[in-house]
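Structure at a glance
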Amino acid sequence: MKINYINLNQTNDLIGIGTNAGYIIKNLQNKILIKRDIGIVNIIELYYKSNIVFVVGNKKNVLQIYNDNKEDYISNIKVDIQIQLLKIEELNILIATDNNIYLYDLHTLKLKKTFLLNNLAIDMKKNYLVYVKNNKLIELYNTHTNITHIKQNNIDNIQLIKISSLLKYLAIVSEDGCVIKIFNLYTHKLV
């Protein structure tokens, strides 16, 4: 079995594993809770502790939404090019390709907003979406208020960007891993 993708759910207590044959859901004690042979799963996102699983399979530009209780696909979202990153959070689905972020409403599956980007350093927690644009700008978008805050950055080639679980801090890591900066999420000041 070849592992293609590993991810934690939003409550950090379940692990979703995408394989060349399907997916496996384990708890943190490494006990297999669910194993489904549905074909290649290149990306998997669990939705909290629900029976809904989001997968990108053979068609790398299609997000498929799978109901594990019924063992059937319930819907899908197709984009123009290959999906590179997928995040599910509360009311939103984030699909990232090489050039765009597509933000969809989780309940209606309607496109809410599209963002241009050139770096897959992205994170989403609750109603905040943060991403890097033009390797120097960090944009923080509030999905509830539709307000974008822009922060000029002096780290070249950001490798990773993360919002803290309590929505207090924003961490940025340089490509070589030598520089880590932490900002207050609300004041945007360096901590």
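Everything here concerns the structure above.
Report on the accompanying structure. (Residues numbered from 1 in each chain as written. Predicted model: local features only at pLDDT ≥ 70, side-chain atom pairs only at ≥ 80, totals over all residues. Heavy atoms only, no water.)

Looking at unusual backbone geometry
Most peptide bonds take the trans form, and the phi angle of most residues other than glycine is negative. The phi dihedral of Asn12 is positive, around 55°, even though this residue is not glycine. With respect to the secondary-structure elements, Asn12 resides in the loop between strand E1 (3-8) and strand E2 (14-19). Positive phi is not limited to glycine here, since Leu167 has a value of about 60°. Within the fold, Leu167 resides in the loop between strand E17 (158-163) and strand E18 (169-174). (Helix = DSSP H or I, 4+ residues; strand = E, 2+ residues; numbered from the N terminus.)

Section: the sheet that holds strand E9 (residues 85-89)
Read across the open sheet, the four strands follow the order E9-E10-E11-E12; overall the sheet is antiparallel. Two strands lie at the open edges of the sheet, namely E9 and strand E12 (111-116), each paired on one side alone. The average undirected angle you get between the axes of adjacent strands in this sheet is 15°. Across five bridges, the pairing between E9 and strand E10 (residues 92-96) is antiparallel. Note on E10: the bridge partner recorded for Ile88 is Ile93. (Pairing = 2+ DSSP bridges. Axes fitted to C-alpha atoms, helices over the stretch in contact; angles between N-to-C directions.)

A few points about the layout of surface pockets
Approximately 360 Å³ is the volume found for the largest pocket. If you trace the largest pocket, you find 17 residues lining it, with Asn9, Gln10, Asn12, Glu89 and Lys125 closest to the centre. Only E1, E9 and strand E13 (122-125) provide two or more residues apiece to the lining of the largest pocket. Here the lining of the largest pocket is built from residues that sort into four nonpolar, six polar and seven charged. What lines the second largest pocket is Ile38, Gly39, Ile40, Val41, Val55, Gly57, Asn58, Lys59, Val62, Gln64, Tyr73 and Asn76. Going through the elements one at a time, strand E7 (62-67) and strand E8 (72-78) are the ones with two or more residues in the lining of the second largest pocket. Residues of the lining of the second largest pocket, tallied by class, amount to six nonpolar, five polar and one charged. (1 Å grid on protein atoms, 1.4 Å probe; cavity = no way out; pocket = protein on both sides within 12 Å on 5 of 7 lines; lining within 4 Å. Points joined across faces, edges and corners; volume = space filled by probe spheres on them. Nonpolar A, V, L, I, M, F, W, Y, C, P; charged D, E, K, R; others polar.)

With respect to the environment of Ile95
Mapped onto the secondary structure, Ile95 falls in strand E10. Sequence separation of Ile95 and Gln84 is eleven residues, and the distance between their C-alpha atoms is 7.7 Å. Once residues within four sequence positions are removed from consideration, Ile95 is found in contact with Leu63, Ile77, Val79, Ile83, Leu85, Leu86, Asn100, Ile101, Tyr102 and Tyr104. (Contact = heavy atoms within 4.5 Å.)

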